[in-house]
Amino acid sequence: MRTTVSGPRVGERGRRPVGERVGVGGGGGGAARVLVVDGEAPLAELLCMTLRYEGWETRSAGDGAAAVRAARVFRPDTVVLDVTLPDMDGLDVLRRVRADLPDVPVLFLTARAAVEDRIAGLTAGGDDYVAKPFSLEEVVARLRGLIRRSGGGRVVARPDSELVVGDLRLDEDSREVWRGEAEVRLTATEFELLRFLMRNPRRVLSKAQILDRVWNYDFGGQANVVELYISYLRKKIDAGRPPMIHTRRGAGYLIRPGG
């Protein structure tokens with residue numbers, strides 16, 4: 001299985017990792033808030049898990065009435081909205097939400113792939129449109145773009161691709177890593193492992209958690225693969241420098257600023 005944040009197309013079976021990261025900020029510099037509205041509860045939860053992994057705060061609703069109520073209370077920075085809901089059309093939900101939040105950007109999700117349906121959604125005020133089945137990374141990318149483009153109001157755009165722990169920097173977009181001024185070359189798996197550690201600084205992560213998030217148990221739960229890749233990272237990140245990657249015997253591993 002691929003070890004990137006991206007995943008299988010929604011509508012197909014697949015697990016998503018959950019974690020923490022620095023994401024696009026909402027008002028006051030906090031995490032962006034995303035309301036996910038979809039009549040299929042497993043799909044809505046999958047989307048919420050993915051967005052929480054990106055560092056965003058999420059709420060979900062399974063029908064139009066619940067979505068309107070949630071929007072009034074949650075005050076989202078953006079909305080992911082399924083066009084087909086059990087109690088009302090997604091376009092009606094959009095109009096009701098916009099009556100209270102006129103500037104909130106909305107990303108439509110739908111199984112309707114016809115051009116006329118897309119035009120109807122965009123004409124009704126939707127900001128973007130993704131047809132099912134869709135890839136999770138596409139949804140994340142579209143939402144980032146919507147939040148950035150929304151400009152003023154409560155949403156504050158912040159650089160969201162770089163993770164920083166001490167003098168260690170990881171750029172998730174360019175997939176480059178630096179320790180101080182020195183670039184560190186990593187394999188794809190090393191990069192994913194380091195990214196998971198850096199999304200959870202000073203937090204002890206067990207081997208089971210790392211296997212689940214980085215390898216998704218593709219290695220059959222063999223914890224020795226974690227030890228092996230931790231050793232690879234240490235040689236590249238810590239060699240000749242104050243160590244950043246630490247072992248807590250019987251518990252797991254953590255990353256913290258060196259020195």
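Predicted model only: the values in this text are computed from it and were never measured.

Before going further, it helps to examine the nonpolar core. With 28 residues, the main nonpolar core has Val-177, Leu-194 and Ile-210 as its most contacted residues. Those elements that place two or more of their residues in this core are β6 (162-165), β7 (168-171), α6 (188-198), α7 (207-215), α8 (224-237) and β11 (252-255). The next biggest cluster of nonpolar side chains, apart from the first, holds 24 residues, and it includes Val-68, Leu-81, Val-83 and Leu-85.

On to the pairing of β6, then. Of the two faces of β6, the one lined by Leu-163 and Val-165 is fully buried and the one lined by Glu-162 and Val-164 carries no buried residue. Note that β6 and β7 share four bridges and pair antiparallel. Within β7, the position partnered with Glu-162 by the bridge is Asp-171. The antiparallel pairing of β6 with β7 creates a hairpin that spans two residues between the two strands, and Gly-166 there sits at a positive phi of about 60 degrees.

Before going further, it helps to spend a moment on the pattern of salt bridges. Under the definition given, this model contains 19 salt bridges. Of the charged contacts in the structure, one is a salt bridge between Lys-132 and Asp-82, with a shortest N-O distance of 3.3 Å. Highlighted residues: Lys-132 in the loop between β5 (128-131) and α5 (136-149) and Asp-82 in strand β3 (residues 78-82), separated in sequence by 50 residues. Using a relative accessible area of 18% as the deciding quantity, one classes Lys-132 as buried. Taking the relative accessible area as the measure of exposure, Asp-82 reaches 4% and is therefore buried. Measuring nitrogen to oxygen at the nearest pair gives 2.5 Å for the salt bridge that ties Arg-199 to Glu-172.

Criteria and cut-off values
Residues numbered from 1 in each chain as written. Predicted model: local features only at pLDDT ≥ 70, side-chain atom pairs only at ≥ 80, totals over all residues. Heavy atoms only, no water. Core = buried A, V, L, I, M, F, W, Y, C linked by side-chain atoms within 4.5 Å. Buried < 20%, exposed > 50% of the residue type's maximum accessible area, 1.4 Å probe, protein only. Helix = DSSP H or I, 4+ residues; strand = E, 2+ residues; numbered from the N terminus. Pairing = 2+ DSSP bridges. Salt bridge = Lys/Arg side-chain N within 4 Å of Asp/Glu carboxyl O.

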